[in-house]
Amino acid sequence: MTGPTRQLAERQESGRPAWAPLPRRTAPKAASPLFSLRTPISAPARWRLAVLSFAIPLLAWVVLSVSGVVVPTFLPSPAAVVRAGIDMASTGELFDDLWATTQRVLEGFGLAVLVSVPLGILMGSFTAGQAFFEPLIGLLRYLPASAFIPLLIIWLGIGEPSKIAMLFIGTVFFNTLMTADVVRGVPGELLDVSYTLGARRGEVLRKIVVPHSLPGMIDAIRVNAAAAWNFVVVAELINSQAGLGHRIVLAQRFLRTDTIFAVLVVIGVAGLVIDVLLRTLRTRVGKWAA
């Protein structure tokens with residue numbers, strides 16, 4: 001006799017009331033795929049939701065600007081922002097600033113990737129590497145990159161090197177730790193099987209660890225690329241002759257909020273394009289990843 005059955009029999013023998021029967025429940029209704037946990041949805045539904053994610057904020061922006069609740073100096077209308085963007089594009093300054101900012105991101109963040117990926121693989125693959133590097137990197141990642149601006153100006157001057165260095169400092173530590181976490185996620189069974197089949201340490205790194213971790217590494221780069229765009233705008237606020245951050249500073253001096261909004265839209269679109277490219281790359285090189 002099992003425990004619950006014995007307790008029920010003892011209650012009945014002692015005259016105490018037995019447990020009440022469980023209530024009857026009706027079968028749950030089938031939930032819509034939109035509100036079901038991790039349930040795939042159709043491609044048309046996905047596109048409609050993507051359109052709504054842009055349309056709803058845009059509609060709220062139009063309503064606020066048309067109703068006059070907010071002064072145009074603080075919140076320009078979408079039409080004014082579009083005109084400001086067209087004006088900057090017609091003179092060519094928008095494309096010059098976009099290229100200057102993109103070039104800084106490619107140099108600063110690209111250098112951070114070149115350093116952080118091998119270092120992250122080292123930390124994630126070898127316990128000794130993690131014990132040696134992680135305490136220092138874990139400390140440095142909490143130091144705000146903007147706090148290094150005075151030092152970078154003293155060390156490197158007010159030119160391009162200080163801006164590249166700020167981008168590097170702001171992204172290299174986070175990308176290193178995220179890469180190391182991805183590498184540590186490689187199943188130990190794969191490593192054991194590889195050694196059992198006679199693979200050497202270098203072969204395991206090249207043919208097992210790196211390919212298995214590559215999709216996750218690209219995801220880490222996607223996340224930190226957004227941080228790089230944030231840092232480059234901050235870097236360009238200081239003595240820049242070109243760049244989207246420089247354009248924002250000029251517009252702020254004359255209360256040209258329509259220009260500021262136009263530049264912000266350009267930054268958002270550029271970041272979205274980079275994110276889509278990295279997601280496509282991840283899909284192409286990591287088809288085995290879930």
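Check the entry above for the structure.
Here's a quick rundown of the structure.

## Some thoughts on the packing of helix H7 (residues 160-184) against helix H9 (residues 201-236)
- Contact pair H7 / H9: the axes reach a minimum separation of 8 Å and the direction vectors enclose 155 degrees. Here H9 runs roughly antiparallel to H7, going by the angle between their axes. Here H7 and H9 pass one another in a crossing that is right-handed.
- Class assignment for the residues of the contact of H7 with H9 results in 17 nonpolar, 7 polar and 2 charged.

## Some thoughts on the packing of aromatic side chains
- Counted according to the given criterion, the structure contains 2 aromatic pairs.
- Ring centres 4.9 Å apart and planes at 90 degrees place the aromatic pair Phe-132 and Phe-133 in the edge-to-face group.
- For Phe-132, a relative accessible area of 62% puts it in the exposed group.

## What to know about the pattern of salt bridges
- Inspection of every chain in the model, using the stated rule, returns 10 salt bridges.
- Across the pair Asp-97 and Arg-247 runs a salt bridge, and its minimum N-O distance is 2.7 Å. Linking Asp-97 in helix H4 (residues 93-125) with Arg-247 in helix H10 (residues 244-253), this pair joins segments that are 150 residues apart in sequence. Each member of the pair, Asp-97 as well as Arg-247, is classed as buried.
- Residue Arg-256 pairs with Asp-258 through a salt bridge whose shortest N-O separation is 3.1 Å.
- Taking relative accessible area as the criterion, Arg-256 reaches 39% and is therefore assigned partly exposed.
- According to the relative accessible area criterion, Asp-258 is buried, its value standing at 16%.
- Connected via shared salt-bridge partners are Asp-219, Arg-222, Asp-275 and Arg-282.

Reading the values: the criteria
- Residues numbered from 1 in each chain as written.
- Predicted model: local features only at pLDDT ≥ 70, side-chain atom pairs only at ≥ 80, totals over all residues.
- Heavy atoms only, no water.
- Axes fitted to C-alpha atoms, helices over the stretch in contact; angles between N-to-C directions.
- Helix = DSSP H or I, 4+ residues; strand = E, 2+ residues; numbered from the N terminus.
- Parallel < 35°, antiparallel > 145°, perpendicular 65-115°, else oblique.
- Left-handed = near helix turned anticlockwise from the far one by under 90°.
- Nonpolar A, V, L, I, M, F, W, Y, C, P; charged D, E, K, R; others polar.
- Phe/Tyr/Trp six-rings, centres within 6.5 Å; stacked < 30°, edge-to-face > 60°.
- Buried < 20%, exposed > 50% of the residue type's maximum accessible area, 1.4 Å probe, protein only.
- Salt bridge = Lys/Arg side-chain N within 4 Å of Asp/Glu carboxyl O.

None of the figures reported here should be taken as evidence of function without further support.
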